[in-house]
Amino acid sequence: MEKKYQFFISSTYEDLREEREKAIFTILSMEQFPVGMELFSAADDDQWEVISQTIDTTDYYVLIIGNRYGSIIPEGEPDAGISYTEKEFNYAVVKHIPILAFLMDESIAASKGSTETPDVVAKLYEFKKKVKNGRFVKFFKNSDELSTLLSQSIFKAMKRGDRPGWVRATDFSIEESHARILQLTDRVHVLESLNADLKLENNRRPELSIMYRCDPEVLSDERIAGSKVEIENGIVKFKVKRVYMEDAKGGITYNDAFGHEINVDENDVRLLRYFFQNGFQLLFHIANEGTTRATGVRIHMEIPNGLLVISMQEIWDYVREVSINCTEEEHKGRMDVLYAPYEYDDTDEEDGVAGDNVFISMDELIVNEDISDLLDPSELDVSAGEINLEFDEVRHKDAQFYRGAYLLPTTHGEFEIRCTIICNEMADKVEQTIKVVVE
């Protein structure tokens, strides 16, 4: 079926009479429908309703800009301060009507001059910038050149054939169209039913979340490493303790499992005790509150500066390394280096404490070779500044736990551990933050 297309011509009037006539003639000569302001009085509010309705039913909006901005809508009316032409253009943009824009060449516009005030000329300049922004425009020097450019644009637009257009009523059968509509309606009902079934199935999905847990069993009688934290409204609160050194003035000497005498100087005792008492073990609870299991669960945690992350397995291996085949006395000597005596009250502020500045920086810590080795992770899931976890699955209404990392603060402040969770069943990643406050 052959379509005819409607073209709405928008421009100022008095200065572009000849150009408008050429545009109308060009559109008619191509057997299409031109419409424009010749049919309306743009200054009439009632007529704007007619204009907007005409643009709604238009296939293409033709904009012609010369050297005048045109009459400006007065204060108190909708869109006051802009010209009627710009109002039409804005409306066509909002309605997604394809725009064919033609601007008078600057040399011609300048030679003709403008009778408008400087502020109105400035409005014209800004209007042209708006029209050219993200849009291909054509420049003309006279009405004949405009006609040629317009016919080329119309031909390309019609060739695309992506607009509704108009068709003669005699070119199609109402009965056949009605039967086709009924057929398509039945098909839509079938597809809607199938879609509802798919939505019901697709609504079964995992809902993964991660939170920090405070487990009393994290700190065992073996005193491996770390101190307790407080959890308040999901925020992890940790207080760094002063390092007790009253029993280690001048260092600590003990015999190892082979009978060798080991001398640990006072500074190394201070560093090791800080390391083993002023951190906390991470215990994360990864829960699935959804309606189906999650498979291929991957979790990435970014640990911010000011918190050192260490593999808990390496700490366990280090502490237990000398306990094998050791006597109780030999093991106690090693533990005396790593920990203050059990009876020490960490609230005590007498001479046995390190002073007000209890934080020890990474640069100070790595002076000790043992600590330096522990800070250099050998595991894939724990690396400098991040933790990466993988679980084959987390069943729905179930959870997985992770307790393989140790955080050591080197300064006070508020920190955010950024967590990203993905799995095979979720199209989008889940992002969470766990706030840590260190005093």
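Every chain's residues receive numbers from 1 upward, in the order its sequence appears when written. A pLDDT threshold of at least 70 governs which residues receive local features in this predicted model, and a stricter bar of 80 or more applies before side-chain atom pairs are shown or counted, although totals over entire chains, interfaces and linings include all residues. To get the side-chain values, take all heavy atoms of the structure and skip hydrogens and water.

**Points about unusual backbone geometry**
Logical step 1: One non-glycine residue with positive phi stands out, namely Glu 31, at about 60°.
Logical step 2: As for its position among the elements, Glu 31 is in the loop between helix 1 (17–29) and strand 2 (33–36).
Logical step 3: Classification of Glu 31 as exposed rests on a relative accessible area of 52%.
Logical step 4: Phi at Lys 397 is positive, roughly 60°, even though this residue is not glycine.
Logical step 5: Helix and strand assignments follow DSSP, with helices taken as H or I runs no shorter than four residues and strands as E runs no shorter than two, numbered in order from the N terminus. Along the polypeptide, Lys 397 turns up in the loop between strand 15 (386–394) and strand 16 (398–409). Here's how the labels work: a residue is buried when its accessible area is under 20% of the maximum for its type, exposed when over 50%, partly exposed in between, all with a 1.4 Å probe on protein chains only.

**Here we look at the confidence of the model for the chain**
Logical step 1: Of the residues in the chain, 86% reach a pLDDT of 70 or more, and the chain-wide mean stands at 83.
Logical step 2: Think of pLDDT as the predictor's per-residue confidence, scored from 0 to 100. In this description, contact between two residues means that some pair of their heavy atoms is separated by no more than 4.5 Å. Counting interchain partners and residues more than four positions distant, the pLDDT-below-50 stretch residues 348–356 has 13 contacts.

**Here's the deal with the nonpolar core**
Logical step 1: By convention a nonpolar core is built from buried Ala, Val, Leu, Ile, Met, Phe, Trp, Tyr and Cys residues, the set being connected through side-chain atoms within 4.5 Å. Counting residues in hydrophobic clusters, the biggest one holds 68 residues, and the most contacted among them are Phe 275, Phe 276 and Ile 315.
Logical step 2: Per element, the largest residue contribution to this core is six residues, and it comes from helix 8 (residues 266–277).
Logical step 3: The residues touching Ile 315, leaving out its near neighbours within four places in the chain, are Ile 224, Ala 225, Phe 275, Phe 276, Ile 310, Leu 374 and Tyr 406.
Logical step 4: In this structure, Trp 48, Ile 51, Tyr 61 and Tyr 91 belong to the second largest nonpolar core, which totals 24 residues.

**Quick word on the sheet that holds strand 7 (residues 230–232)**
Logical step 1: If DSSP finds at least two bridges between two strands, the strands pair. Taken in spatial order, the seven strands line up as 7-8-18-17-12-15-14 in an open sheet, and their pairing is mixed. Sheet topology places strand 7 and strand 14 (382–383) at the edges, where each strand pairs with a single neighbour.
Logical step 2: Sheet topology note: the strand 14/strand 15 ladder contains two bridges and is antiparallel. Bridged to Val 382 within strand 15 is Ile 387.

**Here we look at a negative patch on the surface**
Logical step 1: Residues Glu 369, Asp 370, Asp 373 and Asp 376 make up a contiguous surface patch of negative charge.
Logical step 2: Owing to a relative accessible area of 64%, Glu 369 belongs among the exposed residues under this scheme. Residues enter patches when they are more than 30% accessible in relative terms and free of salt bridges; like-charged ones are connected within 9 Å and nonpolar ones (Val, Leu, Ile, Met, Phe, Trp, Tyr) within 5 Å. Residue burial considers only the protein chains on display, and all accessible areas are found by Shrake-Rupley using a 1.4 Å probe. A carboxyl oxygen of Asp or Glu within 4 Å of a side-chain nitrogen of Lys or Arg is what we treat as a salt bridge. In this tally, Asp and Glu contribute negative charge and Lys and Arg positive charge; neither His nor the terminal groups of the chain are included. Every charge is mapped onto a representative atom, which is NZ of Lys, CZ of Arg, CG of Asp or CD of Glu.

**A word on the packing of aromatic side chains**
Logical step 1: Between rings of Phe, Tyr and Trp, where Trp is taken as its six-membered ring, a pair exists when centres lie within 6.5 Å; planes separated by under 30 degrees are stacked, by over 60 edge-to-face, and by other angles tilted. Taken as a whole and assessed by the stated rule, the structure comprises eleven aromatic pairs.
Logical step 2: Judged by centre distance (6.2 Å) and plane angle (80°), the rings of Tyr 69 and Phe 127 are edge-to-face. With Tyr 69 in the loop between strand 3 (60–65) and helix 3 (84–94) and Phe 127 in helix 5 (residues 118–132), this residue pair connects regions lying 58 residues apart in the sequence.
Logical step 3: Where Phe 276 meets Tyr 318, the ring centres are 5.9 Å apart and the plane angle is 25°; that geometry is what we call stacked. Taken as a pair, Phe 276 in helix 8 and Tyr 318 in helix 9 (residues 312–320) lie far apart in primary sequence, 42 residues in all. In this pair, the class of Phe 276 matches that of Tyr 318, namely buried.

**Things to note about the pairing of strand 1 (residues 6–10)**
Logical step 1: Extensive coverage of strand 1 is indicated by the burial of five of its five residues.
Logical step 2: Side chains of strand 1 alternate between two faces, with Gln 6, Phe 8 and Ser 10 and Phe 7 and Ile 9 buried alike.
Logical step 3: The β-α-β motif built from strand 1, the intervening helix 1 and the parallel element strand 2 has right-handed crossover chirality.
Logical step 4: The pairing of strand 1 with strand 3 spans four bridges and is parallel. By the bridge assignment, Ile 9 is partnered in strand 3 with Val 62. With strands facing away from the observer, any crossover in which the path from the first strand over the helix to the second runs clockwise is taken as right-handed.

**Examining the environment of Ile 262**
Logical step 1: As for its position among the elements, Ile 262 is in strand 10 (residues 261–264).
Logical step 2: In sequence terms Ile 262 and Gly 333 are 71 residues apart; their C-alpha atoms lie 9.2 Å from each other.
Logical step 3: Excluding residues that lie within four positions of it along the chain, Ile 262 makes contacts with Ile 252, Thr 253, Tyr 254 and Asp 256.

**Points about the pattern of salt bridges**
Logical step 1: Scanning the entire structure with this criterion turns up 18 salt bridges.
Logical step 2: Two residues, Arg 270 and Glu 364, come together in a salt bridge whose shortest N-O distance is 4.0 Å. On the criterion of sequence distance, the pair formed by Arg 270 in helix 8 and Glu 364 in helix 11 (residues 362–365) is long-range, its members being 94 residues apart.
Logical step 3: Residue Glu 364 is classed as partly exposed on the basis of its relative accessible area, which comes to 34%.
Logical step 4: Here the salt bridges share partners, and the residues they tie into one network are Arg 293, Glu 393 and Arg 395.

**Some points on helix 3**
Logical step 1: Within helix 3, eight of the eleven residues are buried, which leaves it mostly tucked inside the rest of the structure.
Logical step 2: Residues of helix 3 that are buried include every one of Tyr 84, Thr 85, Glu 86, Lys 87, Glu 88, Phe 89, Tyr 91 and Ala 92, and no others.
Logical step 3: Once helix 3 finishes, His 96 follows within two positions and takes phi at roughly 60°, a positive value.

**What about a nonpolar patch on the surface?**
Logical step 1: On the surface, a nonpolar cluster with roughly 250 Å² of combined accessible area is contributed by Val 190, Leu 191 and Leu 194.
Logical step 2: Residue placement: Val 190 occurs in helix 7 (residues 174–202).
Logical step 3: Residue classification places Val 190 among the partly exposed residues on the basis of a relative accessible area of 43%.

**Details of the packing of helix 1 against helix 6 (residues 143–160)**
Logical step 1: Throughout, an axis means a line fitted to C-alpha atoms (over the contacting stretch in the case of helices), and angles, computed between N-to-C directions, take values from 0 to 180 degrees. At a minimum axis separation of 9 Å, helix 1 and helix 6 run at an interaxial angle of 35°. The handedness of the crossing between helix 1 and helix 6 is right-handed. Where helix 1 abuts helix 6, its residues Glu 18, Glu 19, Lys 22, Ala 23, Thr 26 and Ile 27 lie against Ser 143, Asp 144, Leu 146, Ser 147, Leu 150, Ser 151 and Ile 154. Take the far helix as the reference: if the near one is turned anticlockwise from it by less than a right angle, the crossing is left-handed, and if turned clockwise, right-handed.

**Brief notes about the sheet that holds strand 1**
Logical step 1: The five strands lie next to each other as 2-1-3-4-5, forming an open sheet whose pairing is parallel. With partners counted over all chains shown, the strands left at the sheet margins are strand 2 and strand 5 (137–140), one partner each. The sheet shows a mean angle of 25° between the axes of neighbouring strands, direction not considered.
Logical step 2: Contacts between helix 3 and the sheet are confined to strand 1, strand 3 and strand 4 (99–104), with strand 3 contributing the most and set at about 150° to the helix.

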